[in-house]
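Examination of the molecular architecture
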Amino acid sequence: MPLVSIIVPVYNSENSLARCVDSILNQTFKDFELILLDDGSTDTSGKICDSYSEKDERVHVVHKENSGVSDTRNHGIEIAEGKYLQFLDSDDWITPEATGLFVRTAEENRCDMVIADFYRVVGERVSTKGAIEQDGMMDRVSYAENMLQKPADFYYGVLWNKLFRREIIETYHLRMDSSVSWCEDFMFNLEYVRHIQSIYALKVPVYYYVKTKGSLVSQGMSVKKTIQMKRTVFEYYNNFCKDVFDEEGYEKYKVQVYRFLIEAAGDGIVAPAILPGIYRLGAERTSVSEGVQEGEGFFFDSYRERKLQERLFDVVALKNELLTVDIKLLFYLSRPHENCTLKEMTDILDVTRRELSSSIQSLLSRALIETKEKAPDKSKSRKSKEKNTKETAQETKRKAKACEYVLTSEADSILAEALLVMDDFEQLQYEGFSQEEIIMFERLNEKRNQNIRKALK
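Rules of the game
Residues numbered from 1 in each chain as written. Predicted model: local features only at pLDDT ≥ 70, side-chain atom pairs only at ≥ 80, totals over all residues. Heavy atoms only, no water. Helix = DSSP H or I, 4+ residues; strand = E, 2+ residues; numbered from the N terminus. Buried < 20%, exposed > 50% of the residue type's maximum accessible area, 1.4 Å probe, protein only. Contact = heavy atoms within 4.5 Å. Areas by Shrake-Rupley, 256 points an atom, 1.4 Å probe, with all protein chains shown as cover. Polar contact = N/O pair within 3.5 Å; in protein donor to acceptor, adjacent residues only side chain to side chain. Salt bridge = Lys/Arg side-chain N within 4 Å of Asp/Glu carboxyl O. Lys, Arg positive; Asp, Glu negative; His and termini not counted. 1 Å grid on protein atoms, 1.4 Å probe; cavity = no way out; pocket = protein on both sides within 12 Å on 5 of 7 lines; lining within 4 Å. Points joined across faces, edges and corners; volume = space filled by probe spheres on them. Nonpolar A, V, L, I, M, F, W, Y, C, P; charged D, E, K, R; others polar. Patch = residues over 30% accessible without salt bridge, like charges linked within 9 Å, V, L, I, M, F, W, Y side chains within 5 Å. Charge placed at Lys NZ, Arg CZ, Asp CG, Glu CD. Disulfide = S-S within 2.5 Å. pLDDT = per-residue confidence, 0-100.

Helices and strands together make up the secondary structure of the protein, namely 19 helices and 13 strands. Expressed as a percentage of its 457 residues, the buried residues of the protein come to 46%. Across the protein, every contact between residues at least 6 apart in sequence was considered, and the portion connecting residues at least 24 apart equals 80%. Accessible surface, the protein as shown: approximately 24,800 Å² in total, 50% of it carbon and sulfur.

Now the structure itself:
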């Protein structure tokens, strides 16, 4: 049985479906089933779904008469077999580490739901969307208190930035209400949270939401009908708050609860690309062009390996509100090494002098690293004194320029996360290897590295 069931309703999405499915099948995490539910598409979407099921046994396709997205999702829940459920819309896509990050967070923290930030995409522009500022565990009361600030926000309302436990959904027979055409996701989420104890908020965007859906009015819904529907949804929300908070707590937050009636459901605004936090699509994460993907030879291999490491470090950086270069520097400092000059550090980390200097200052200001006072070297052996005078002078000069920084205990948790993604890096490299092949490769690689070190002396 798969650990995760990924449910994707499909309706006339032939232009975006391949991007969505490819992003799922290319996940670094592999233990999942993908359920594609063709909801009576009249274009080639159904054929596209079938072509994927023929190539990958993890893909299961259901063709059904058109009944709407809620009923279609319910059908997916009925046939899902995974321990966890994850949802996508067919015009959106996910980051390569999305499912693995969801599962790792749920398993390590033994929580009932994981909620993550997401990217909003408009044309060629992309920006990050989140709501809960603190990364970490919370109970449902804390979750509800956060939701009171922006109750109609997509962050809380949608399914696709969350991971659910199927056992809880089945125990309480939770399903989408197909009788409503607005906020059915939100009502499902409220019912789910009523039956759980723990939620983990993940400060990492894992989902690309394409902002193409219109408002109820733009969909042809009258203002009167919109108000009626919002009141129906409000009853769910109000009952949820009464259930989560005690009587005193509900009275305390009652005014904020009623704010829902005047809040507009929103996913934020993707502002002009000149503003901070707004990127051209593709620049928000480490990426490699198709030409570089196909390039052959040592330089291309070395470049791709470095870029994969950076992509994995991106996750740790986003989660801890740091830059990728900061994570690279922390990881570098955690490895056994002699003190290097700034020039050597920039070469080793493949960053500019300005990027390195800025990173050092940022990590110092957050007390993640500190400078270490240099002790005079009194242990000069006879052999070292017999070295060439010029060489000794050069080495003395180099040591004088060397930068000595050490990690503080504040960096321990971030470093632990970096070590975890480096485990992922190894798993990606060794996918398809037997244990014997891995051991042989590591032995040969160590001999190769020794030969390189010898040649550079």
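Next comes the rest of the account.
The subject of this paragraph is the side chain of Thr105. For Thr105, the location among the structural elements is in helix 4 (residues 98-109). Within polar-contact distance, the side chain of Thr105 engages the backbone oxygen of Leu101 at 2.7 Å. The residues contacting Thr105, other than those within four sequence positions of it, are Arg110, Cys111, Val114, Tyr200 and Leu202.

Right, let's get into the pattern of salt bridges. For the coordinates displayed, the defined rule picks out 24 salt bridges. In the salt-bridge network here, residues are joined through shared partners; they are Arg140, Glu191, Arg194 and Asp243.

Along the chain, the position of Asp38 falls in strand 2 (residues 32-39). At 8.5 Å, Lys64 is the nearest oppositely charged side chain to Asp38, a buried residue that forms no salt bridge. In this structure Asp38 touches Val10, Gly46, Val62, His63 and Lys64, once residues within four positions along its chain are discounted.

Space inside the largest pocket adds up to approximately 2,000 Å³. For the largest pocket, the lining is made up of 34 residues, of which Glu305, Gln309, Ile348, Asn445 and Asn449 are closest to its centre. Going through the elements one at a time, helix 12 (298-319), helix 13 (324-334), helix 14 (342-349), helix 18 (412-429) and helix 19 (435-456) are the ones with two or more residues in the lining of the largest pocket. It is helix 19 that provides the largest number of residues to the lining of the largest pocket, a total of 10 residues. Here the residues of the lining of the largest pocket sort into 14 nonpolar, 6 polar and 14 charged.

With that settled, consider a negative patch on the surface. On the surface, a cluster of negative charge is made up of Asp246, Glu247, Glu248 and Glu251. Secondary-structure assignment places Asp246 in the loop between helix 9 (223-244) and helix 10 (247-258).

The next point concerns the state of the cysteines. Under the defined criterion, the tally for this structure stands at 0 disulfides. Left unpaired, Cys20 is separated from the closest cysteine sulfur, that of Cys49, by 9.4 Å. Under the relative-accessibility criterion, Cys20 is labelled buried at 0%.

Turning next to unusual backbone geometry. A negative phi angle characterises most non-glycine residues, just as the trans form characterises most peptide bonds. Positive phi values are uncommon outside glycine, yet Asp350 reaches one of about 55°. Asp350 gets classed as partly exposed once you look at its relative accessible area, which sits at 40%. Positive phi outside glycine occurs at Ala367, with the angle close to 60°.

Listed in full, the buried residues belonging to helix 1 (residues 17-25) are Leu17, Cys20, Val21, Ser23, Ile24 and Leu25. On its buried face, helix 1 sits against strand 1 (4-10), strand 2, helix 2 (45-55), strand 3 (59-64) and strand 5 (93-94).

This brings us to the confidence of the model for the protein. Mean pLDDT over the protein works out to 87, with 87% of the residues at or above the 70 mark. Contacts for the low-pLDDT stretch residues 214-219, under 50 throughout, to residues beyond four places or in other chains number 6 contacts. Here residues 271-275 scores under 50 on pLDDT; set against residues more than four positions off or in separate chains, the count is 6 contacts.

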